[in-house]
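An overview of the molecular structure
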Amino acid sequence: MTRRADEIRERLHAVRERIASACRTAGRDSGEVSLIVVTKFFPASDVRILADLGVADVAENRHQEAVDKSAACGDLGLRWHFVGGLQSNKASAVTGYASVVQSVDRVKLLRPLARGAADHGRVLDVLVQVSLDGPDSQHRSGVAPDDLAGLADAVDSHDDLRLRGVMAVAPLGADPGEAFDRLARLHLSVLADHPHATWRSAGMSGDLEAAVSRGATHVRVGSAVLGSRPPVQ
Ligand SMILES: *Cc1c(COP(=O)(O)O)cnc(C)c1O
């Protein structure tokens with residue numbers, strides 16, 4: 001094993017232990033929580049190491065980087081998730097590699113996503129990203145809670161899209177537990193109308209325990225597995 005492979009193996013093991021331990025504390029079965037490794041900024045060679053270590057799900061947040069990396073890793077049988085901001089003119093292209101788009105935050109994305117999915121002969125799994133930021137935040141990413149139900153209905157009205165659930169990022173500097181409690185309530189309201197939309201994607205390197213204790217079904221972990229990323233340009 002190379003040094004890098006060793007390092008990733010140890011870090012991945014530690015993250016899996018954290019998830020298992022958070023599940024035990026919450027009285028949940030660890031099989032209820034899926035780990036998605038966020039590979040943004042890291043090379044295809046790291047993705048290969050992850051696949052060797054049994055990782056099945058990886059996520060990217062930039063379209064071009066994801067195109068290149070997924071092409072370089074096309075033999076690995078991974079499931080690619082897209083978790084970044086999407087422009088509607090790129091949305092259909094994302095379906096060329098992504099099986100799941102977690103960052104759907106507006107109706108305008110749905111038609112291009114559905115068209116792309118149909119072109120690729122697949123049904124695209126969609127999570128609606130909901131904002132947990134306060135109403136006066138500058139950096140809201142995700143649909144406002146008031147518009148969540150309408151967006152979920154709109155996803156479900158497309159045959160080529162499958163509404164799987166909700167995704168959120170805890171706001172910076174706030175208590176993630178409180179934010180994930182809000183997400184839990186919002187998710188329950190979506191589930192009331194869409195009982196099959198059972199995925200709740202929440203929790204990252206710094207707050208996965210808080211997310212698991214509030215019912216996350218998917219955690220998206222980058223730096224705890226792969227190390228710190230270069231600062232965002
Ligand atoms: C980068 C990213 C993550 C992973 O963040 P870490 O703190 O490195 O674990 C999770 N979710 C989204 C949407 C991201 O962009």
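Structural notes, computed from the coordinates.

Quick notes on the rules
Residues numbered from 1 in each chain as written. Predicted model: local features only at pLDDT ≥ 70, side-chain atom pairs only at ≥ 80, totals over all residues. Heavy atoms only, no water. 1 Å grid on protein atoms, 1.4 Å probe; cavity = no way out; pocket = protein on both sides within 12 Å on 5 of 7 lines; lining within 4 Å. Points joined across faces, edges and corners; volume = space filled by probe spheres on them. Nonpolar A, V, L, I, M, F, W, Y, C, P; charged D, E, K, R; others polar. Helix = DSSP H or I, 4+ residues; strand = E, 2+ residues; numbered from the N terminus. Core = buried A, V, L, I, M, F, W, Y, C linked by side-chain atoms within 4.5 Å. Buried < 20%, exposed > 50% of the residue type's maximum accessible area, 1.4 Å probe, protein only. Salt bridge = Lys/Arg side-chain N within 4 Å of Asp/Glu carboxyl O. Near = heavy atom within 4 Å. Polar contact = N/O pair within 3.5 Å; in protein donor to acceptor, adjacent residues only side chain to side chain. Sits in = over half its atoms within 2 Å of the grid points.

Considering the layout of surface pockets
The calculated volume of the largest pocket comes to roughly 870 Å³. Along the wall of the largest pocket there are 35 residues; nearest its centre are Lys-40, Ser-141, Val-169, Ala-170 and Met-204. Per-class residue counts for the lining of the largest pocket are twelve nonpolar, 15 polar and eight charged. Looking at the second largest pocket, its volume works out to about 170 Å³. If you go around the second largest pocket, the residues you meet are Arg-16, Ile-19, Ala-20, Ser-30, Val-33, Ser-34, Leu-35, Gly-54, Val-55, Ala-56 and Asp-57. Going through the elements one at a time, α1 (3–26) and β1 (34–38) are the ones with two or more residues in the lining of the second largest pocket. When residues of the lining of the second largest pocket are assigned to their parent elements, the largest contribution, three residues, is made by α1. Considering only residue class, the lining of the second largest pocket consists of six nonpolar, three polar and two charged.

Some thoughts on the nonpolar core
Within the largest apolar cluster, 67 residues are counted, with the highest numbers of intra-cluster contacts made by Val-101, Leu-113, Val-219 and Val-225. The element best represented in this core is α1, accounting for seven residues. Within the second largest apolar cluster, eight residues are counted, among which are Ala-59, Val-83, Val-100 and Leu-127.

Examining the pattern of salt bridges
One pass over the full model with this rule turns up 15 salt bridges. Among the salt bridges present, the one from Arg-11 reaches Glu-7, with a minimum N-O distance of 3.4 Å. Here the residue Arg-11 and the residue Glu-7 both occupy positions in helix α1, the gap between them amounting to four residues, near one helical turn. A relative accessible area of 29% places Arg-11 in the partly exposed class. On the basis of relative accessible area, Glu-7 is assigned to the partly exposed category, the value being 33%. Measuring nitrogen to oxygen at the nearest pair gives 3.0 Å for the salt bridge that ties Glu-32 to Arg-28. Glu-32 sits in the partly exposed class, given a relative accessible area of 40%. Bridged by salt links that share partners, the residues Arg-4, Glu-7, Arg-11 and Asp-46 form one connected network.

Concerning the site of the ligand
Around the ligand sit Val-38, Lys-40, Val-83, Met-204, Ser-205, Arg-220, Val-221, Gly-222, Ser-223 and Arg-229, and those are all the residues in its vicinity. Contacts to the ligand include Lys-40, whose side-chain N or O atom sits 2.7 Å from an oxygen atom. Judged by its atoms lying within 2 Å of the grid points, the ligand is housed in the largest pocket.

Don't take any of this as a statement about function, it's just geometry.
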